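Spelled out, the chains give:
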Amino acid sequence: MTNFVLKTLANALALAVAWLLIEDIELTDSGDGAKAVTLLLVAVVFGLVNALVKPIVKLLSLPLFILTLGLFTLVVNALMLLLTSWLAGKLGLGFHVEGFWTAVVGGLIISIVSWAANLVLDRD
């Protein structure tokens, strides 16, 4: 359970950094408390998308991973961020990513920040 909470916090931090750095990633809730709750809920959705959908997409696109020497990971991360944005809209969460290239840059930022946050938070 602790691992899930730490990964969710790391994802929320990474999503917040992407939202702050990229103009086309929108968080429409008003008030800092509402934005924090929305980021945590979107982080849970993002974690579920990465746990359930991403492995299937990676398996189906394995030849593209091999052909591009792993660079296709950027595209898969962007697609997972766009899927999270779509699901957040369906769930009534105020989070939206506008466009594929925004999702590519956002996915890159989220990957780097999430990796660093997990490194700091996951100390035994």
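Anything mentioned here points back to the structure above.
Trainee: What exactly am I supposed to notice about the overall build of the protein chain here?
Mentor: For the protein chain, the count of helices and strands is 6 helices and 2 strands. Put simply, the protein chain runs from its N terminus to its C terminus through helices and strands in the order α-β-α-α-α-α-β-α. Projecting the C-alpha coordinates of the protein chain onto the three principal axes gives extents of approximately 45 × 40 × 25 Å. Residues counted as buried form 35% of the 124 residues belonging to the protein chain. Sequence-distant contacts in the protein chain: of pairs separated by 6 or more residues, those separated by 24 or more amount to 71%. Accessible surface, the protein chain: about 7,400 Å² in total, of which carbon and sulfur atoms supply 72%. A distance of 10 Å separates the average location of the 6 positive side-chain charges in the protein chain from that of its 8 negative side-chain charges.

Trainee: Explanation requested: helix H6 (residues 100–121) in the structure shown.
Mentor: Residues spaced three or four apart along an α-helix face the same direction, because each turn holds 3.6 residues. Between the first and last C-alpha of H6 there are 30 Å, a value that for 22 residues agrees with the 32 Å anticipated at 1.5 Å per step. Those residues of H6 that fall on the buried side of the exposure criterion are Thr-102, Ala-103, Val-104, Gly-106, Gly-107, Ile-109, Ile-110, Val-113, Ser-114 and Ala-117.

Trainee: What should I look at first to understand a nonpolar patch on the surface in this one?
Mentor: Taken together, the side chains of Met-1, Phe-4, Val-5, Leu-9, Leu-40 and Leu-121 define a hydrophobic patch exposed on the protein surface, amounting to about 580 Å² of accessible area. With respect to the helices, strands and loops of the structure, Leu-40 is situated in helix H2 (residues 32–52). Relative accessible area serves as the criterion here: at 35%, Leu-40 is assigned to the partly exposed category.

Trainee: Sorry, what's going on with the packing of helix H1 (residues 2–21) against H2 here?
Mentor: Describing two packed helices takes the angle between their axes plus the distance from one axis to the other. H2 packs onto H1 with a crossing angle of 115 degrees between their chain directions and a minimal axis gap of 8 Å. Judged by the sense of rotation from one axis to the other, the crossing of H1 with H2 is right-handed. The residues of H2 that touch H1, namely those facing Phe-4, Thr-8, Leu-9, Asn-11, Ala-12, Leu-15, Ala-16 and Trp-19, are Lys-35, Leu-39, Leu-40, Val-42, Ala-43, Val-44, Phe-46 and Gly-47. Taken together, the residues that form the contact of H1 with H2 break down as 12 nonpolar, 3 polar and 1 charged.

Trainee: Could you clarify how one ought to interpret helix H5 (residues 72–90) in this entry?
Mentor: Compared with the 27 Å implied by 1.5 Å per residue over 19 residues, the 27 Å span of H5 between its first and last C-alpha is a close match. Three or more residues of H5 are buried, namely Phe-72, Val-76, Asn-77, Ala-78, Met-80, Leu-81, Thr-84, Ser-85 and Ala-88. Buried-residue contacts for H5 involve H1, H2, helix H3 (54–60), helix H4 (62–67), strand S2 (95–97) and H6. Of the residues flanking the end of H5, it is Gly-92, one or two places downstream, whose phi is positive at about 80 degrees.

Trainee: I would appreciate a short explanation of the environment of Leu-48 in the present structure.
Mentor: As for its position among the elements, Leu-48 is in helix H2. Placed 30 residues apart in sequence, Leu-48 and Ala-18 show a C-alpha to C-alpha distance of 19 Å.

Trainee: Got a minute to help me understand the environment of Leu-108 in this structure?
Mentor: The residue Leu-108 is located in helix H6 in this model. Leu-108 sits in the partly exposed class, given a relative accessible area of 41%. With 14 residues separating them along the chain, Leu-108 and Gly-94 place their C-alpha atoms 21 Å apart.

Conventions we followed
- Residues numbered from 1 in each chain as written.
- Predicted model: local features only at pLDDT ≥ 70, side-chain atom pairs only at ≥ 80, totals over all residues.
- Heavy atoms only, no water.
- Helix = DSSP H or I, 4+ residues; strand = E, 2+ residues; numbered from the N terminus.
- Buried < 20%, exposed > 50% of the residue type's maximum accessible area, 1.4 Å probe, protein only.
- Contact = heavy atoms within 4.5 Å.
- Areas by Shrake-Rupley, 256 points an atom, 1.4 Å probe, with all protein chains shown as cover.
- Lys, Arg positive; Asp, Glu negative; His and termini not counted.
- Charge placed at Lys NZ, Arg CZ, Asp CG, Glu CD.
- Expected span 1.5 Å × (residues − 1).
- Patch = residues over 30% accessible without salt bridge, like charges linked within 9 Å, V, L, I, M, F, W, Y side chains within 5 Å.
- Salt bridge = Lys/Arg side-chain N within 4 Å of Asp/Glu carboxyl O.
- Axes fitted to C-alpha atoms, helices over the stretch in contact; angles between N-to-C directions.
- Left-handed = near helix turned anticlockwise from the far one by under 90°.
- Nonpolar A, V, L, I, M, F, W, Y, C, P; charged D, E, K, R; others polar.

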